[in-house]
Amino acid sequence: KKCINQIQRTRYLNAYITITEETAMEQAQRADIRLSTGKPLGPLDGIPFSVKDNFCTDNIETTCASNMLKGYVPPFNATVVQKLLDQGAVLVGKTNLDEFAMGSGSADGVFGPVRNPWSYATQYREQSKEDPDSDWTITGGSSGGSAAAVASLSSFLALGSDTGGSTRNPGSLCGVVALKPSYGLLSRHGLIPLVNSMDVPGIMTRSVHDAATVLRILQGRDERDSTTVQAPNTPPSLPEHFDIRDICVGIPKEYHAPGLSKDTLAQWSRVAAMFEQAGARVQEVSLPHTQHSIVCYHVLCCCEVASNMARFDGLEYGHRSAVDSSTDAMYATTRHEGFNNVVRRRILSGNYFLLKSNYERYFVKAQQIRRLITEDFKTVFRSGIDVLLTPTTLSDAARYSDFIQEDNRTRSAQEDVFTQPVNMAGVPAVTVPTALSPRGLPIGLQLIGQTLQDWKLLTVAHWME
Ligand code: GLN
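Residues numbered from 1 in each chain as written. Predicted model: local features only at pLDDT ≥ 70, side-chain atom pairs only at ≥ 80, totals over all residues.

Before going further, it helps to examine the overall build of the chain. Regarding its fold elements, the chain presents 16 helices and 11 strands. The C-alpha atoms of the chain give a radius of gyration of 21 Å, which matches the 23 Å a tight globule of 465 residues would have. Seen through its principal axes, the chain has C-alpha atoms that stretch 70 × 65 × 55 Å. Here the chain, with 465 residues, has 53% of them falling under the buried criterion. Sequence separation of 24 or more characterises 78% of the internal contacts of the chain that already satisfy a separation of 6 or more. (Helix = DSSP H or I, 4+ residues; strand = E, 2+ residues; numbered from the N terminus. Rg over C-alpha atoms; globule rule 2.2 N^0.38 Å. Buried ≥ 20, exposed ≤ 12 C-beta atoms within 10 Å, placed from the backbone. Contact = placed C-beta atoms within 7 Å.)

Attention shifts here to the site of the ligand. The full set close to the ligand counts 14 residues, and Ala101, Ser104, Thr163, Gly164 and Ser166 are the nearest of them. Within the shell around the ligand, the residues separate by chemical class into 4 nonpolar, 8 polar and 2 charged. (Near = placed C-beta within 6 Å. Nonpolar A, V, L, I, M, F, W, Y, C, P; charged D, E, K, R; others polar.)

A word on the nonpolar core. Phe49, Ala211, Val430 and Leu447 are the most contacted members of the largest nonpolar core, which has 122 residues in total. It is helix H9 (residues 293–308) that contributes the most residues to this core, 8 residues altogether. For Phe49, the contacting residues outside a window of four places in its chain are Leu84, Ala89, Val90, Leu91, Val92, Ser155, Phe156, Leu157 and Ala158. (Core = buried A, V, L, I, M, F, W, Y, C linked by C-beta atoms within 7 Å.)

At a closest axis distance of 9 Å, the pairing of helix H7 (residues 208–218) and helix H16 (residues 454–464) adopts a crossing angle of 165 degrees. In terms of orientation, H7 and H16 fall into the roughly antiparallel class. Between H7 and H16 lies a crossing of left-handed hand. Packed against H7, whose contacting residues are Val208, His209, Ala211, Ala212 and Leu215, the element H16 presents Asp454, Leu458, Ala461 and His462 at the interface. (Axes fitted to C-alpha atoms, helices over the stretch in contact; angles between N-to-C directions. Parallel < 35°, antiparallel > 145°, perpendicular 65-115°, else oblique. Left-handed = near helix turned anticlockwise from the far one by under 90°.)

With that settled, the discussion passes to the domain arrangement of the chain. Entries for the chain in the domain assignment read domain 1 (2–241 + 429–434 + 449–464) and domain 2 (292–364). Between the C-alpha centres of domain 1 and domain 2 the distance comes to 27 Å. With 18 residues of domain 1 in contact, the opposing surface of domain 2 contributes 17 residues. A breakdown of the residues in the side of domain 1 that touches domain 2 according to their chemical character gives 8 nonpolar, 7 polar and 3 charged. (Domains from an automatic or database assignment.)

Taken across its 8 residues, strand E10 (residues 429–436) has 6 buried, putting it largely inside the fold. As paired strands, strand E5 (residues 177–180) and E10 are joined by 3 bridges and run antiparallel to one another. Within the sheet, the bridge partner assigned to Lys180 lies in E10 and is Ala429. Where E10 meets strand E11 (residues 442–448), 7 bridges bridge the pair, whose relative direction is antiparallel. Opposite Pro433, over in E11, you have Gly444 as the bridge partner. Connecting E10 to the next strand, E11, in antiparallel fashion are 5 residues, including Gly440 with a positive phi near 85 degrees. (Pairing = 2+ DSSP bridges.)

On to the environment of Ala151, then. As for its position among the elements, Ala151 is in helix H5 (residues 144–151). Classification of Ala151 by C-beta neighbours within 10 Å gives buried; the count is 28.

Before going further, it helps to examine H16. An α-helix turns once every 3.6 residues. As a result, residues three or four positions apart point the same way. Within H16, 10 of the 11 residues are buried, which leaves it mostly tucked inside the rest of the structure. Among all positions in H16, only Asp454, Trp455, Leu457, Leu458, Thr459, Val460, Ala461, His462, Trp463 and Met464 are buried. Where H16 is buried, its residues touch H7, helix H8 (262–277), strand E9 (387–391), E10 and E11.

The strand order E1-E3-E2-E4-E6-E5-E10-E11-E9-E7-E8 describes an open sheet built from 11 strands, whose pairing is mixed. This sheet does not close on itself; its edge strands, each paired only once, are strand E1 (16–19) and strand E8 (281–285). On average, adjacent strands in this sheet sit at an angle of 30 degrees to one another, irrespective of strand direction. Running over the sheet, H7 touches strand E4 (157–162), E5, strand E6 (200–205) and E10 and is turned about 140 degrees from E6.

Across the interface, H9 lies against helix H12 (residues 360–382) with an axial gap of 9 Å and an inter-helix angle of 130 degrees. Here H9 is positioned oblique relative to H12, judged by the angle of their axes. By crossing handedness, the relation of H9 to H12 is classed as left-handed. On H12, the residues touching Ser293, Cys296, Val299, Leu300 and Cys303 of H9 are Tyr362, Phe363, Ala366, Ile369, Arg370 and Ile373. Partitioning the contact of H9 with H12 into residue classes produces 9 nonpolar, 1 polar and 1 charged.

This part covers the pairing of strand E7 (residues 248–252). By the bridge criterion, 5 bridges tie E7 to E8 in an arrangement that is parallel. Bridge pairing in E8 links Gly250 to Gln283. Each parallel crossover has a hand, and for E7 linked through H8 to E8 it is right-handed. Where E7 and E9 come together, 2 bridges link them in parallel fashion. (Right-handed = clockwise from strand over helix to strand, strands pointing away.)

This part is about unusual backbone geometry. Excluding glycine, residues mostly have negative phi values, and the peptide bonds linking residues are mostly trans. Here Gly141 and Ser142 are connected by a cis peptide whose omega angle stands at 15 degrees. Relative to the elements of secondary structure, Ser142 occurs in the loop between helix H4 (122–127) and H5. Here the phi dihedral of Asn14 falls at roughly 65 degrees; this positive angle occurs in a residue that is not glycine. Tracing the sequence through the fold places Asn14 in the loop between helix H1 (2–9) and E1.

Further remarks concern the environment of Thr163. Relative to the assigned elements, Thr163 resides in the loop between E4 and helix H6 (168–174). For the pair Thr163 and Ala101, spaced 62 residues apart in sequence, the C-alpha separation works out to 8.5 Å. Filtering out sequence-adjacent residues up to four positions away, Thr163 remains in contact with Ala101, Leu194, Val195, Met198, Asp199 and Asn423.

Between its first and last C-alpha, H8 extends 22 Å over 16 residues, near the 22 Å set by a 1.5 Å rise per residue. Residues of H8 that are buried include every one of Thr264, Trp268 and Phe275, and no others. Burial along H8 is one-sided: seen end-on, the buried residues are contained in an arc of 40 degrees. Exposed residues on H8 whose side chains face more than 90 degrees from its buried face are Lys262, Ser269, Arg270, Ala273 and Gln277. Positive backbone phi, at 105 degrees, marks Gly279, one or two positions downstream of H8. (Expected span 1.5 Å × (residues − 1). Arc of directions from axis to C-beta.)

Next comes the structure, spelled out in structure tokens:
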């Protein structure tokens, strides 16, 4: 009830698309009954959570914040949602996002932009001269609704999706813990795809410990997703005593990227020094192909988008145009009415890259570069590095009015420079809140680990927290 009240109280954030109060109350009652019968409770019994609106939820509308899927009610739960419900967790709502999870701002969904709760906190407000209705910052994205839900305390945990940073980026800008697990460790069944070869469900929580609890429940092979793997053996909780002196932390020199703010750089240096003082080995390393990652991601993303979006033809799911003069006309008008400009642009670019005459030049080339980016990580980890410490975003959250300027939009593609290489390599990464900027907005730092060593990654993150 408190969480539902908090959702209502913070409606101005626009974090939720659907509030599932009725089913939440039923689920909560079931947890209550278990409690009263004296049965031992699991770690998630009765815990309110929310889910990004690109995960299918049984009998609950799932929109991807797009006109195309308005009114689409799936007949099943995504595997990760089902696993949380099976543990007694209580679904309070579906959260807002960029249309089809394409974006880094949560400013591009059909339900309007999500507002960052921190831009309503005292420190930011004291410094800002303008009125709260115009002077507010973005949450980052595309899982901005999930990040705002956890940050504004209306959910204890939220699911996001992470294709190029969509869980970590808003996690960092909203001051919550956000984990992108190893590719294949969590099932994508029921997650409406963006880039199948990079998508993973992401976990957002208030602490690293909570993220570890949820990871343990969600991980593992799912016969409905052939890319999933068996989860490694995981102890019941993160070790309380662990010797940081056994850990070697890499600082990738290429991550001193253009546009990195001095406040974020200062935090990065401070935390690196903190590791060193505690006895960890801290060492500069090189990931030489980082500079190509934005372009490479863009090509691969558009190609997979062009193919994925073909299914939205007005026949199977959601919206269907009233124009029925011919099947082709119905397809075309449905898609015209259904998709925003961001989605359209990616479909068109993807189809261009995939033309027979362009295929080798763009798609195949991008795949080769992706391999080199992956090899960079392997080489560094093979040399004895346990985790990499990097910024998550270039700076703290941008003001909405600045973010939507056209020239900033182009620049905002650069925002994912620290997160996208991780998806292309399939390795796990987590962002941990480390400080507030002088403006009073959160700054997070990212730790990157080796494939399927998510637990070790979280152990180090827990130490850093
Ligand atoms: N910002 C990136 C994009 O728009 C990442 C999105 C994501 O991770 N879902 O593609």
